[in-house]
Amino acid sequence: MKILSAEQVREVDKYTIENEPIPSIDLMERAAHAFTDWLISHFSPKSKVAVICGTGNNGGDGLAVARMLLGKKYQVDTFAVKRSNEASADFKINEKRLNEIKPVREVTTEKGIPLLEEFDVIIDGLFGSGLSREVQGLHADVVEMINKSRKTVVSIDIPSGLFTDHHTFPGAVVEADYTLTFQVPKLAFFFPENAQYVGEWYVVDIGLSAEAIDQQRSHYYMLTSEMISKLLKPRKKFAHKGDHGRALIMSGSYGKMGAAVLCARAALRTGIGLLTMYIPTCGYDIIQSTVPEAMAIPDEGDHFLTSYTDLENYDAVGVGPGIGKEQETVYSLMQSIQTYKKPMVIDADGLNIISEHGEMLEILPKNTIITPHPKEFERLVGKWSDDFEKLALQKDFARKHDIIVVLKGAHTSVALPSGDIFFNSTGNPGMASGGSGDVLTGMITSLLGQGYIPEEAAKIGVFMHGLAADLAAEVIGEIGMVATDITDFIPEAYQQFK
Ligand SMILES: NC(=O)C1=CN([C@@H]2O[C@H](COP(=O)(O)OP(=O)(O)OC[C@H]3O[C@@H](n4cnc5c(N)ncnc54)[C@H](OP(=O)(O)O)[C@@H]3O)[C@@H](O)[C@H]2O)[C@@H](O)CC1
Ligand SMILES: Nc1ncnc2c1ncn2[C@@H]1O[C@H](COP(=O)(O)OP(=O)(O)O)[C@@H](O)[C@H]1O
Ligand SMILES: [K+]
């Protein structure tokens with residue numbers, strides 16, 4: 001699913017109005033219906049609802065929503081924050097329609113700001129995609145009242161005061177519990193710095209022209225199950241293990257053999273035909289007894305990797321989880337990168353080593369997939385001042401080194417050398433515990449080994465990893481979830497695509 005800028009959404013709106021064709025007031029009605037349907041399914045008619053409107057089309061949506069809720073017997077009070085008589089044409093039409101049912105209360109001074117404590121739900125229709133500057137004065141006071149109310153806040157399209165296409169400095173921005181955004185996700189929603197404003201967010205379809213969306217050029221996408229299902233290859237009836245690839249994973253050190261075990265189990269659950277673990281000698285018995293499906297080649301080093309093995313026969317090689325940064329391990333990594341000519345998967349200490357030996361970046365096989373978490377990424381590229389800058393760094397790094405950068409976190413992003421970036425839509429905070437990343441490395445290596453091209457392996461791996469965790473959370477919750485649970489639910493994640 002494409003992610004569009006505010007400007008692009010405006011163009012798509014305009015195209016839809018002209019070509020469907022549909023009068024803009026009817027398009028607003030459609031948007032308000034979609035929003036209201038969601039509200040009705042989440043809040044009972046006993047709820048006291050305050051709708052706070054600006055005088056643009058976001059406010060127009062708010063007025064239409066208020067009218068629809070009144071029609072469904074909700075108790076609704078509507079407030080329009082006005083600094084002048086200027087308002088959008090569709091706002092004025094909806095103001096007239098609502099006034100015939102229940103008058104809109106005008107807020108023109110600070111004193112006129114309503115007490116919001118008496119309401120259960122506050123609908124935020126102050127500003128949407130037309131936000132053109134930071135919110136100040138009367139509007140800022142209203143935003144502050146909304147945020148102080150501690151009531152459930154649902155934002156229409158975008159939390160008021162949040163810029164969708166660049167960094168928003170802390171100030172007057174609505175802190176929504178829910179944001180229902182129209183038609184396409186907005187870039188700012190994917191960043192941790194905006195989580196407190198956006199809350200839980202959903203995309204609601206308002207029937208904007210698919211053709212117009214197709215025509216918009218965007219580097220940003222959200223991974224959806226529709227996209228993943230198109231990538232997955234079914235198994236053939238007469239397939240044998242040789243058809244599903246051979247992967248080698250170099251992982252583990254004394255005290256960190258768990259990383260290797262997690263990685264191995266995840267690779268197997270993701271469907272690799274044959275898996276070999278290259279591990280220090282101390283990990284040999286551990287791997288052989290905990291993951292009997294995998295073969296094992298012990299390195300000469302007892303506690304950590306010191307060398308490498310013949311890599312040529314493997315369809316994919318993953319390196320990094322739990323390997324440590326000993327000098328001999330640096331050599332081991334360097335030699336494997338130099339020897340293996342196909343794309344690799346590099347994670348964790350593999351990346352920490354590279355950040356201390358920048359020359360390795362220059363020799364990484366093209367389309368290698370690296371999977372840093374933010375701290376590992378910072379070691380590679382340096383600090384950033386906000387999440388939009390982090391995104392730019394990720395994009396540049398992928399381009400410059402011709403690699404795929406999977407930057408992990410909530411909404412993990414997959415940056416391709418082309419400049420395209422795919423944000424994940426699966427996953428939950430239950431994954432924020434040791435070992436979850438090792439599982440991902442195993443999954444992506446497995447997919448690469450099965451013949452998926454690197455771009456596909458990264459996208460499928462990231463999506464399925466989060467989906468497995470979501471399915472695990474449904475059964476066991478987020479708190480008690482451990483990395484092994486994610487692995488255990490990988491098969492069920494695949495079952496969703498049967
Ligand atoms: N047909 C469609 O297009 C559809 C659109 N839809 C809805 O419309 C929304 C976009 O509406 P919109 O473009 O009217 O902009 P909106 O966000 O309401 O605000 C603009 C007004 O606010 C003002 N303003 C801006 N910043 C300000 C500030 N900091 N402080 C004070 N004022 C500020 C700005 O003034 P100006 O910048 O011109 O000075 C202007 O007057 C979109 O999010 C969706 O909800 C849906 O109904 C589907 C169909
Ligand atoms: N709050 C969250 N929501 C969704 N996914 C998360 C969240 N926190 C962590 N994750 C996922 O869990 C994994 C953690 O990886 P990483 O930080 O490398 O952990 P470790 O090194 O312990 O294995 C990543 O894939 C990340 O995307
Ligand atoms: K809003």
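Residues numbered from 1 in each chain as written. Chains lettered and ligands numbered in written order. Predicted model: local features only at pLDDT ≥ 70, side-chain atom pairs only at ≥ 80, totals over all residues. Heavy atoms only, no water.

S.K.: Just checking my understanding: could you explain the nonpolar core for this structure?
M.R.: Side chains that are nonpolar tend, in soluble globular proteins, to be buried together. The biggest cluster of nonpolar side chains holds 57 residues, and the ones touching the most others in it are Leu-275, Met-277, Ile-287, Ile-369, Val-406, Val-414 and Val-439. If you tally residues by element for this core, the top one is helix H17 (residues 454-476), at 12 residues. Once residues within four sequence positions are removed from consideration, Val-414 is found in contact with Gln-394, Ile-404, Val-405, Val-406, Asp-420, Ile-421, Phe-422, Ala-458 and Val-462. Within the second largest apolar cluster, 49 residues are counted, among which are Val-317, Val-330, Leu-333 and Ala-415. (Core = buried A, V, L, I, M, F, W, Y, C linked by side-chain atoms within 4.5 Å. Buried < 20%, exposed > 50% of the residue type's maximum accessible area, 1.4 Å probe, protein only. Helix = DSSP H or I, 4+ residues; strand = E, 2+ residues; numbered from the N terminus. Contact = heavy atoms within 4.5 Å.)

S.K.: Is there a simple way to think about helix H9 (residues 257-269) in this case?
M.R.: Counting along an α-helix, one turn takes 3.6 residues, and residues three or four places apart therefore face a common direction. Helix length check: H9, at 13 residues, gives a terminal C-alpha distance of 19 Å against a target of 18 Å (1.5 Å per residue), a fit within 8%. Of all the positions in H9, only Met-257, Ala-259, Ala-260, Val-261, Leu-262, Cys-263, Ala-264, Ala-266 and Ala-267 are classed as buried. Contacts from the buried residues of H9 go to strand E9 (246-250), strand E10 (274-279), helix H10 (284-290), helix H16 (436-449), helix H18 (483-488) and helix H19 (490-495). One or two steps after H9, the chain reaches Gly-271, where phi turns positive at roughly 105°. (Expected span 1.5 Å × (residues − 1).)

S.K.: Would you mind going over the environment of Thr-36 with me for this structure?
M.R.: When you line up the elements, Thr-36 lands in helix H2 (residues 24-42). Classification of Thr-36 as buried rests on a relative accessible area of 2%. C-alpha of Thr-36 to C-alpha of Leu-305: the two residues are 269 residues apart in sequence and 59 Å apart in space. If we skip the residues at most four places from it in the chain, Thr-36 touches Val-65, Met-68 and Leu-69.

S.K.: Just to check I follow, could you spell out the coordination of the potassium ion (ligand 3) for this structure?
M.R.: Six octahedral donors at a metal ideally form angles of 90 or 180 degrees, and four tetrahedral donors ideally form angles of 109.5 degrees. At 2.6 to 3.0 Å from the potassium ion (ligand 3) lie its protein donor atoms, namely Asn-58 (OD1), Asp-124 (O), Phe-127 (O), Ile-156 (O), Ile-158 (O) and Ser-160 (OG). Metal-centred angles of 65 to 174° between the six donor atoms at the potassium ion (ligand 3) mark the site as irregular. In terms of primary sequence, the donors binding the potassium ion (ligand 3) are separated according to N-x65-D-x2-F-x28-I-x1-I-x1-S. Here Phe-127 lies in the loop between strand E4 (121-125) and helix H5 (137-148) and Asn-58 lies in helix H3 (residues 57-71), a separation of 69 residues in the sequence. We classify Asn-58 as buried; its relative accessible area is 8%. (Donors = N, O, S within 2.8 Å, 3.2 Å for Na, K, Ca; no water. Tetrahedral: all angles 85-135°; square planar, octahedral: opposite > 155°, others 65-115°.)

S.K.: I'm lost on the site of ligand 2 in this one. Help?
M.R.: Looking at ligand 2, there are 17 residues lining it, with Lys-408, Gly-409, Thr-412, Gly-435 and Gly-437 nearest. Between ligand 2 and Gly-437 there is a distance of 2.6 Å, counted from an oxygen atom to a backbone nitrogen or oxygen. One of the backbone N or O atoms of Asp-438 is found 3.3 Å from an oxygen atom in ligand 2. About the coverage of ligand 2: the protein hides 78% of its 570 Å² of free accessible area. The class makeup of the residues in the shell around ligand 2 is four nonpolar, 11 polar and two charged. (Near = heavy atom within 4 Å. Polar contact = N/O pair within 3.5 Å; in protein donor to acceptor, adjacent residues only side chain to side chain. Areas by Shrake-Rupley, 256 points an atom, 1.4 Å probe, with all protein chains shown as cover. Nonpolar A, V, L, I, M, F, W, Y, C, P; charged D, E, K, R; others polar.)

S.K.: What's the story with H2 in this structure? I'm lost.
M.R.: In a regular helix each residue adds 1.5 Å, so 19 residues correspond to 27 Å; H2 covers 27 Å between its end C-alpha atoms and thus fits that length. Among all positions in H2, only Ile-25, Leu-27, Met-28, Glu-29, Ala-31, Ala-32, Ala-34, Phe-35, Thr-36, Trp-38 and Leu-39 are buried.

S.K.: How should I be thinking about unusual backbone geometry in this particular structure?
M.R.: Only a minority of non-glycine residues have a phi that is not negative, and only a minority of peptide bonds are not trans. Going from Glu-20 to Pro-21, the amide bond is cis rather than trans, its omega being -20°. Here Pro-21 is to be found in the loop between helix H1 (6-19) and H2. Positive phi is not limited to glycine here, since Lys-73 has a value of about 70°. In this fold, Lys-73 is placed in the loop between H3 and strand E2 (75-81). With phi around 70°, Asp-157 is a residue other than glycine that occupies positive phi space. Looking at the element boundaries, Asp-157 is found in the loop between strand E5 (152-156) and strand E6 (178-182).

S.K.: Quick question: what am I supposed to make of the pattern of salt bridges here?
M.R.: In a structure, side chains of opposite charge can pair up when their charged atoms sit close to one another. Per the counting criterion, the structure on display carries 19 salt bridges. A salt bridge links Glu-18 to Lys-14, with the shortest nitrogen-to-oxygen separation between them at 3.8 Å. Of the two residues, Glu-18 and Lys-14 both sit in helix H1, four residues apart, roughly one turn of that helix. Note on accessibility: Glu-18 and Lys-14 belong to one class, exposed. A salt bridge links Lys-390 to Asp-387; the nearest nitrogen and oxygen atoms lie 3.8 Å apart. Of this pair, Lys-390 and Asp-387 both sit in helix H15 (residues 387-401), three residues apart, which is roughly one turn of the helix. When sorted by exposure, Lys-390 lands in the same class as Asp-387, which is buried. (Salt bridge = Lys/Arg side-chain N within 4 Å of Asp/Glu carboxyl O.)

S.K.: Honestly, the site of ligand 1 in this entry has me stumped. Any pointers?
M.R.: Of all residues adjacent to ligand 1, which total 22 residues, the nearest are Asp-61, Gly-128, Ser-132, Arg-133 and Asp-157. One of the backbone N or O atoms of Ser-129 is found 2.9 Å from an oxygen atom in ligand 1. Within the complex, 78% of the 940 Å² of free accessible area of ligand 1 lies under protein. Elements with a contribution of two residues or more to the shell around ligand 1: H1, H2 and H3. Tallied by class, residues from the shell around ligand 1 come to eight nonpolar, eight polar and six charged.

S.K.: Can you help me understand the domain arrangement of the protein in this one?
M.R.: Frequently, the measure chosen for interface size is the accessible area removed from exposure when the parts meet. Splitting the protein by domain gives domain 1 (6-217) and domain 2 (226-495). Taking the mean C-alpha position of each, domain 1 and domain 2 sit 41 Å from one another. Residue-level contacts link 13 residues of domain 1 with nine residues of domain 2. For domain 1, the biggest contributors to the area lost against domain 2 are Phe-190, Phe-191 and Glu-193; these three give 57% of the whole. Put simply, domain 1 and domain 2 have zero salt bridges between them. Seen at the junction of domain 1 and domain 2, the total is one residue pair in polar contact (both at pLDDT 80 or more). (Domains from an automatic or database assignment. Buried area = accessible area lost by both parts, 1.4 Å probe.)

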